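Architecture and fold: a report
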Amino acid sequence: QVQLVESGGGSVQAGGSLRLSCAASGFTVSPNYMGWFRQSPGKEREGVATTRNNGRARYADSVRGRFTISKDNAKNTLYLQMNSLKPEDTGMYYCAADSIVPYGLGGTWYKYWGQGTQVTVSS
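Residues numbered from 1 in each chain as written. Predicted model: local features only at pLDDT ≥ 70, side-chain atom pairs only at ≥ 80, totals over all residues. Heavy atoms only, no water.

1. Digging into the state of the cysteines
Per the stated rule, a full pass over the model turns up one disulfide. Here Cys-22 is linked by a disulfide to Cys-95, with a sulfur-sulfur distance of 2.1 Å. What sets the handedness of the Cys-22 and Cys-95 disulfide is the S-S torsion sign, and at about -75° it is left-handed. In this pair, Cys-22 is assigned in strand β3 (residues 18-25) and Cys-95 in strand β9 (residues 91-99), connecting sequence segments 73 residues apart. Taking relative accessible area as the criterion, Cys-22 reaches 0% and is therefore assigned buried. (Disulfide = S-S within 2.5 Å. Helix = DSSP H or I, 4+ residues; strand = E, 2+ residues; numbered from the N terminus. Buried < 20%, exposed > 50% of the residue type's maximum accessible area, 1.4 Å probe, protein only.)

Here is the structure:
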């Protein structure tokens with residue numbers, strides 16, 4: 001029933017930008033806590049950003065000041081704007097929905113997950 005579909009990933013050089021999208025169906029984005037996570041081979045899944053209202057968000061230290069999470073409620077879509085990308089930002093990025101913990105960056109708190117979109121940053 002609930003589907004989260006990520007898009008916008010790709011390959012970019014260091015210093016470049018990408019915008020990831022997460023289109024939701026069977027689920028209303030606006031009233032719920034949403035998050036972005038990423039995972040690299042051999043490493044644990046890392047919480048990147050989370051929000052409920054566009055005016056408030058929580059970010060991992062590694063991305064704060066470079067990434068911005070937002071919602072377009074009319075489109076029922078979550079976004080992650082990524083600027084000043086670094087090679088260490090490389091990984092599979094996942095959209096997550098409906099956290100039981102407000103502004104949680106732990107993956108165990110989210111009920112729904114997308115299939116991911118690959119981001120590769122080269123130097």
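2. A short note on the sheet that holds strand β7 (residues 67-72)
Taken in spatial order, the four strands make up an open sheet running β1-β3-β8-β7, and their pairing is antiparallel. With one partner strand each, in any of the chains shown, β1 (3-7) and β7 form the two edges of the open sheet. Each adjacent strand pair in this sheet contributes to an overall mean axis angle of 15°, direction not counted. In this sheet, β3 lies alongside β1 in antiparallel orientation, the contact comprising five bridges. (Pairing = 2+ DSSP bridges. Axes fitted to C-alpha atoms, helices over the stretch in contact; angles between N-to-C directions.)

3. Focus: the nonpolar core
Judged by nonpolar contacts, the single largest core of 26 residues is most densely connected at Trp-36, Val-48, Phe-67, Leu-80, Met-82 and Tyr-93. Elements with a minimum of two residues in this core: β3, β4 (34-39), β5 (46-51), β7, β8 (77-82), β9 and β11 (117-122). Looking at which element gives the most residues to this core, the answer is β3, with four residues. Residues in contact with Tyr-93, not counting those within four places in the same chain, are Glu-6, Leu-20, Phe-37, Arg-38, Val-48, Phe-67, Leu-80, Met-82, Gly-116, Thr-117 and Val-119. (Core = buried A, V, L, I, M, F, W, Y, C linked by side-chain atoms within 4.5 Å. Contact = heavy atoms within 4.5 Å.)

4. Details of the side chain of Asp-89
In this fold, Asp-89 is placed in the loop between β8 and β9. Of the polar contacts made by the side chain of Asp-89, one reaches the backbone nitrogen of Lys-86; its length is 2.8 Å. Apart from residues no more than four positions distant in its own chain, Asp-89 is found in contact with Arg-38, Val-63, Arg-66, Phe-67, Ser-84, Val-119 and Val-121. (Polar contact = N/O pair within 3.5 Å; in protein donor to acceptor, adjacent residues only side chain to side chain.)

5. A word on the packing of aromatic side chains
Inspection of every chain in the model, using the stated rule, returns five aromatic pairs. Considering the side-chain rings of Tyr-33 and Tyr-103, the 5.1 Å spacing of their centres and the 75° angle between planes classify their relative orientation as edge-to-face. Highlighted residues: Tyr-33 in the loop between β3 and β4 and Tyr-103 in the loop between β9 and β10 (110-113), separated in sequence by 70 residues. Tyr-103 shares its class with Tyr-33; the two are buried. Look at Phe-37 and Tyr-110: their rings are 5.2 Å apart centre to centre, the planes differ by 80°, and that puts the pair in the edge-to-face class. Here the residue Phe-37 occupies a position in strand β4, and Tyr-110 occupies one in strand β10, the gap between them amounting to 73 residues. By relative accessible area, Phe-37 is classed as buried at 1%. Residue Tyr-110 is classed as buried on the basis of its relative accessible area, which comes to 6%. A network of ring pairs unites the aromatic residues Phe-37, Tyr-110 and Trp-113 as a single cluster. Arg-45 extends its terminal NZ or CZ atom over the ring of Phe-37, reaching a point 6.0 Å from the ring centre. The cationic tip of Arg-45 hangs over the ring face of Trp-113; the distance from NZ or CZ to the ring centre is 4.1 Å. (Phe/Tyr/Trp six-rings, centres within 6.5 Å; stacked < 30°, edge-to-face > 60°. Lys NZ or Arg CZ within 6 Å of the ring centre and 35° of its normal.)

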